[in-house]
Amino acid sequence: MFHKLIEPQETLAFTFDGKPLKAARGDSVAAALLAAGVIAFRHSAVGGEPRAPYCMMGICFDCLVTIDGIANRQSCQVDVAEGMVVQSQHGPRVIDGRIPE
Amino acid sequence: MAYLGRSDYVVIGGGVVGVSIAWGLARAGVKPLILDEGDLALRASRANFALVFVQGKGVGFPDYALACMAAAERWPQFASELEAETGIDVALRQMGGFSFALSQAEMDQQRDAREKIARETGGRSANYEVLSYRETRERLPGIGPSVVGSIFCPKDGHVNMLRLFFALHAAVAARGCQYRANHGVRTIEPTPEGFRIIGDWGEVQAGKVILAAGIDNQRLAPMVGMACPLKRDKGQVLVTEKCAPFFPYASTVICQGDEGGIKIGSSTEALSDSILTNQSLSAVIAKRAIQVFPQLATLNVVRTWTGFRIMPPDGFPIYEQSRSAPSAFVAACHSGVTLAPNHAFGLAPQILAGRLGAEFSPFTARRFCVPQAH
């Protein structure tokens, strides 16, 4: 659906749901996932439907993914880093009901 | 300029108070016209915390403590009737509510207030439990060590405000009531047949008029022979990202909506007219919430907003029927969500009957005019 206009000069390796992917340095996670053909970034915490980025500028909160173990990250607001582990998010973020040690 | 003809009942104000009364009138068989301001009106119904909250309310005014309890007990029927009429579930959860104390002084003050309410109502006010830190933590393992204790009241709860507001509007529309946005009211003139209600849009004739215009009641009430003294009391709310349910109860510090977002509040600023949020106040609100629930520190705040509570001088509601124009009524309160079932099931039928009975007559604004003894 999307393709890059310019071939990246420097690529970074990251994974999405365990699958190895490449991004250009400076790509947001959302841009890199869209370029890799990912359609469903998450499933809604309210209705369970698949969702993808809508605004790409930090407003819509539809591009949420789990990055390096932290859920509800706005993938359009985070740059890809080498070795980043990205996972699609299913359902809501869970916060621990207990006091952090 | 439009002439909207004549309406037997006109409700001025399309917020949760006005629409609850309008729905109550419609349930009782009439079709009020609702005149409302536009999207940019100062509207507590769009800003509030959506609590059904009873505990601690009515110190020094036992009729108010009992009204809050009656409302909490009417809420399940109110929610189920709204759902039956509109198909909209307002997500009422009445699992009880906590008031958290972060110092012994706060704990003592909160307990004293509840004991006073119980005394003043002859023990008829809502039950509550005073819980130590340890007892609170047994029920809520996530609380922080700064919590000295809490008070739990089983009547407290919360709703989804957006869906409540939507459901009330859908319910009055389904019952054939007309709703007019961008119809702010400039003047009301008593006439032999009722009232002339005039705005920039034109005018309408009314048989009975019900003022439910929030802060604007202060300006409108004298036009129909009443006083309705009010002040704006600014509140500020932070909302976090959605997360899995972890606190199903109500509290004045945090409230997790049915869709997972956590509202954090609630401040009061008496002297501000600005709708802008105040970042240093946000920090104080957030800090207090994190003292109660340390794990909130890991969450992102996605929105903040402010709203103005409609605050009578003593904090208690104003309900009154005009003496000089007895077809005019006024309703003003800051707890429009908690009290919504009273407005629909209690106040509206009494307006229809033409007289406020024992449930509402103690709330006249004439209480502010009692001559002081010297």
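A brief report on the enclosed structure follows. For every chain, the first residue of the written sequence is number 1, and numbering continues from 1 onward in sequence order. Each chain gets a letter, beginning with A, and each ligand a number, beginning with 1, in the order they are written. The model is predicted, so local features are restricted to residues of pLDDT at least 70 and side-chain atom pairs to those at 80 or more, both for listing and for counting; the totals for chains, interfaces and linings are taken over all residues. The side-chain quantities take in all heavy atoms of the structure and omit both hydrogens and water.

**Looking at the overall build of chain B**
- Counting secondary structure elements, chain B contains eight helices and 18 strands.
- The globule rule used for comparison is 2.2 Å times the number of residues to the exponent 0.38, while the radius of gyration itself is calculated over C-alpha atoms. In terms of C-alpha radius of gyration, chain B reaches 21 Å, essentially the compact-globule figure of 21 Å for 374 residues.
- The C-alpha extent of chain B, read off along each of the three principal axes, is 65 × 50 × 40 Å.
- For chain B, the residues scored as buried account for 56% of the 374 residues in total.
- Pairs of residues are marked as contacts when any of their non-hydrogen atoms sit within 4.5 Å. Restricting to contacts in chain B with at least 6 residues of sequence separation, those with at least 24 account for 75%.
- In the structure as shown, chain B presents an accessible area of about 15,300 Å², 53% of it carried by carbon and sulfur atoms. Helix and strand labels come from DSSP, where a helix needs a run of H or I of at least four residues and a strand needs a run of E of at least two; each type is numbered from the N terminus. The cut-offs for exposure are 20% and 50% of the maximum accessible area for each residue type, with area from a 1.4 Å probe on protein chains only; residues under the lower value are buried, those over the upper are exposed, and the others partly exposed. All accessible-area figures derive from a Shrake-Rupley calculation using a 1.4 Å probe, and residue coverage is judged against the displayed protein chains alone.

**Section: the pairing of strand β6 (residues 70–74) of chain A**
Residue and element names in this part refer to chain A.
- In this scheme, strands are said to pair when DSSP sees at least two bridges between them. Of the strand pairs in this sheet, strand β5 (residues 64–67) and β6 are connected by three bridges, and their pairing is antiparallel. Within β6, the residue paired with V65 across the bridge is R73.
- In this antiparallel pair of consecutive strands, β5 and β6, the connection spans two residues, and D68 shows a positive phi of 50 degrees.

**Comments concerning the sheet that holds β5 of chain A**
Residues and elements named next belong to chain A.
- Taken in spatial order, the five strands of this open sheet run β2-β1-β7-β5-β6, and their pairing is mixed. The outermost strands of the open sheet, each flanked by one partner alone, are β2 (19–24) and β6. In this sheet, neighbouring strand axes are inclined to one another by 40 degrees on average, regardless of whether the strands run parallel or antiparallel.
- Inspection of the sheet shows strand β1 (residues 11–16) paired to strand β7 (residues 85–87) by two bridges, in the parallel sense. Residue pairing across strands places T15 opposite V85, the latter belonging to β7. Only the stretch in contact is used when fitting a helix axis, every axis being a line fitted to C-alpha atoms; angles between N-to-C directions are given from 0 to 180 degrees.

**A short note on the packing of aromatic side chains**
Residue and element names in this part refer to chain B.
- Pairing of aromatic side chains requires ring centres within 6.5 Å, counting the rings of Phe and Tyr and the six-membered ring of Trp. Pairs whose planes differ by under 30 degrees are stacked, by over 60 edge-to-face, and all others tilted. Counting across every chain of the model gives 20 aromatic pairs over all chains.
- For the pair F61 and F363, a centre-to-centre distance of 5.0 Å together with 10 degrees between the ring planes defines the contact as stacked. Here F61 is found in the loop between β3 (51–52) and α2 (62–86), whereas its partner F363 is found in the segment after α8 (340–353), with 302 residues between them in sequence.
- Classification of F61 as buried rests on a relative accessible area of 9%.
- Exposure remark for F363: the relative accessible area of 1% places this residue in the buried category.
- Measuring from centroid to centroid gives 5.8 Å for F78 and F345, while their planes differ by 70 degrees, and the two rings are edge-to-face. Highlighted residues: F78 in helix α2 and F345 in helix α8, separated in sequence by 267 residues. The residues F78 and F345 share a single accessibility class, namely buried.
- Counting every residue linked through ring pairs, the aromatic cluster contains F98, F100, F152, F246, F247, Y249 and F293.
- By definition, being over a ring means that NZ of Lys or CZ of Arg is both within 6 Å of the ring centre and within 35 degrees of the ring normal. The residue whose ring lies beneath R232 is F308, and the NZ or CZ to ring-centre distance is 4.9 Å.

**Quick word on the nonpolar core**
Residues and elements named next belong to chain B.
- Residue types Ala, Val, Leu, Ile, Met, Phe, Trp, Tyr and Cys, when buried and joined through side-chain atoms within 4.5 Å, form a set referred to as a nonpolar core. By size, the foremost hydrophobic cluster in this structure holds 57 residues, and its most contacted members are I21, W75, F78 and L164.
- Among the elements of the structure, β1 (2–12), α1 (16–27), α2, α5 (161–174), β18 (328–332) and α8 are those that each provide at least two residues to this core.
- Broken down by element, this core gets its largest block of residues, ten residues, from α2.

**As for the pairing of strand β4 (residues 97–101) of chain B**
Residues and elements named next belong to chain B.
- Most of β4 sits out of view: five of its five residues are buried.
- Burial along β4 is two-sided: the residues G97, S99 and A101 and F98 and F100 are all buried.
- Here β4 runs beside strand β6 (residues 149–153); their pairing, made up of five bridges, is antiparallel. Note on β6: the bridge partner recorded for A101 is G149.
- Pairing geometry for β4 and strand β13 (residues 250–251), over two bridges, is parallel.

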